[in-house]
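Structural features, examined
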Amino acid sequence: MDTRPIGVFDSGLGGLTAVRELQRLLPGEDIIYFGDTGRVPYGSRSRETIIKYGRQDVAFLRTFDLKAIVIACGTVSTTALDLLAAETPIPVWGVVEPAVRAAADATKNRKIGLIGTQATIRSGAYERMLAGLDPEAEVLSGACPLFVPLVENGRFQPGDLVVETVAAEYLAPFRATGVDTLILGCTHYPLLTDIIGRYMGPGVTLINTGATCARQVADILTRRDALAKPGKAGVSRYYVSDSTEGFAQLAGIFLGRDVGDHVEQVDIWRY
Ligand code: DGL
């Protein structure tokens, strides 16, 4: 048994895709979430800046006594996972490996699409891992830089003309190529599942990187006997680097629970 909380971070709302699944699978776990809403987006920034931000995010989370840290951000996972894991004395897990395994299992025609931020696509991390698992699989990849700001502004509801138009433009090459599996390589993108799913059609499996990662974390903690005390309800606390109101409102919609009293602002530059 390990009663310490799980730390989770992202540049903003995206990492809640991992939190939602963790809360569903492991309702007894305490979670400390950090969303760097004052500096989102990460995906258009240089490798050096992403590493610097990732280090500060980990340093802030390490002010709590945690059992593990989940990098619920494709950009930081693809750019800085090895480095952050090597520097941190508790386990640090990212989203790439579980998503790639899920995609390799799901595909039938071995044509896999990958969408992510510019930094994620530039890193080639998903493609490298997939080539190791299935060298015959074909990967078509592309960046969708407008998705993160749209999601952060609450524009993730089906029927929103702006986001539907942007999605159609980004996704047209993937539909044309006939991929049967699409990795949502940025954790913000699963908030657009209905829109992306409807555009791609029912024959395309969408891989939700945040949720897939959460399932792997749940498996590992269960196998290691590192879960909190059975029977106790877990508490999630949320920290953001910009004002709490906007985050609390959107997080509440996405998580389906009121988080208002559990959100605090932190000055991430201090870490
Ligand atoms: N959710 C992050 C990711 O998975 C955010 C990207 C960003 O801030 O640009 O890549």
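See the structure printed just above.
Quick look at the structure, then. In this text, all values refer to a predicted model and were calculated from it rather than measured experimentally. (Residues numbered from 1 in each chain as written. Predicted model: local features only at pLDDT ≥ 70, side-chain atom pairs only at ≥ 80, totals over all residues. Heavy atoms only, no water.)

Considerations on the sheet that holds strand β2 (residues 31-35)
Spatial ordering of the open sheet is given by β4-β3-β1-β2-β9-β10, a layout of six strands whose pairing is parallel. The open sheet is flanked by β4 (92-93) and β10 (263-265), the only strands paired with a single partner. Packed onto the sheet, helix α11 (residues 244-255) meets β2, β9 (236-240) and β10 and runs at close to 150° relative to β10. (Pairing = 2+ DSSP bridges. Helix = DSSP H or I, 4+ residues; strand = E, 2+ residues; numbered from the N terminus. Contact = heavy atoms within 4.5 Å. Axes fitted to C-alpha atoms, helices over the stretch in contact; angles between N-to-C directions.)

Re the site of the ligand
Looking at the ligand, there are 14 residues lining it, with S11, Y42, G43, G74 and T75 nearest. Contact distances for the ligand include 2.7 Å between an oxygen atom and a backbone N or O atom of G43. In this structure, G74 approaches the ligand through a main-chain N or O atom, which is 2.5 Å from an oxygen atom. Of the residues assigned to the shell around the ligand, the class counts are six nonpolar, seven polar and one charged. (Near = heavy atom within 4 Å. Polar contact = N/O pair within 3.5 Å; in protein donor to acceptor, adjacent residues only side chain to side chain. Nonpolar A, V, L, I, M, F, W, Y, C, P; charged D, E, K, R; others polar.)

Quick look at the pattern of salt bridges
Taken as a whole, this structure holds 12 salt bridges when the rule is applied. Shared partners join several salt bridges into a network, and the residues in it are D2, R4 and D65. (Salt bridge = Lys/Arg side-chain N within 4 Å of Asp/Glu carboxyl O.)

Quick word on helix α8 (residues 161-177)
Between its first and last C-alpha, α8 extends 25 Å over 17 residues, near the 24 Å set by a 1.5 Å rise per residue. The largest bend in α8 comes to about 50°, at L171, with the proline P173 one to four residues further on. Buried residues along α8 sit against β5 (111-116), β6 (138-143), α7 (147-152), β7 (181-184) and α9 (193-200). Capping the start of α8, D160 holds a side-chain oxygen 3.0 Å from the backbone nitrogen of V162, two or three residues further along. G178 sits one or two residues past α8 and shows a positive phi near 80°. (Expected span 1.5 Å × (residues − 1). Bend = angle between axes of the 7 residues up to and from the residue.)

Some details on the pairing of β2
Most of β2 is tucked away: five of the five residues are buried. A two-sided burial pattern is seen for β2, the buried positions comprising I31, Y33 and G35 on one face and I32 and F34 on the other. Where strand β1 (residues 6-10) and β2 come together, five bridges link them in parallel fashion. By the bridge assignment for β2, G7 is matched with I32. A crossover links β1 with its parallel partner β2, the connecting element being helix α1 (residues 16-25), and its sense is right-handed. Where β2 and β9 come together, five bridges link them in parallel fashion. (Buried < 20%, exposed > 50% of the residue type's maximum accessible area, 1.4 Å probe, protein only. Right-handed = clockwise from strand over helix to strand, strands pointing away.)

With respect to the packing of aromatic side chains
Two descriptors summarise a pair of aromatic rings, namely the distance from one centre to the other and the angle between the planes of the rings. Following the criterion strictly, the structure yields 12 aromatic pairs and no others. Each ring, one from F147 and one from Y189, has its centre 5.1 Å from the other, and the planes form 85°; the classification is edge-to-face. With F147 in helix α7 and Y189 in the loop between β7 and α9, this pair connects stretches of sequence that are 42 residues apart. Here F147 matches Y189 in class, with each residue buried. Each residue in the set F34, F60, F64, Y239 and Y271 is aromatic and connected to the rest through ring pairs, giving one cluster. The positively charged end of R20 is found above the aromatic ring belonging to F254, 4.1 Å away from the centroid. One Lys or Arg, R39, reaches over the ring of Y53 and ends 3.7 Å from the middle of that ring. (Phe/Tyr/Trp six-rings, centres within 6.5 Å; stacked < 30°, edge-to-face > 60°. Lys NZ or Arg CZ within 6 Å of the ring centre and 35° of its normal.)

Some thoughts on the sheet that holds β7
If you trace the four strands from one edge of the open sheet to the other, you get β6-β5-β7-β8, paired in parallel fashion. Only two strands of the sheet have a single partner each, and these edge strands are β6 and β8 (205-208). For this sheet the average axis-to-axis angle between neighbouring strands, irrespective of direction, equals 20°.

Bear in mind that shape data such as this cannot, by itself, settle questions of function.
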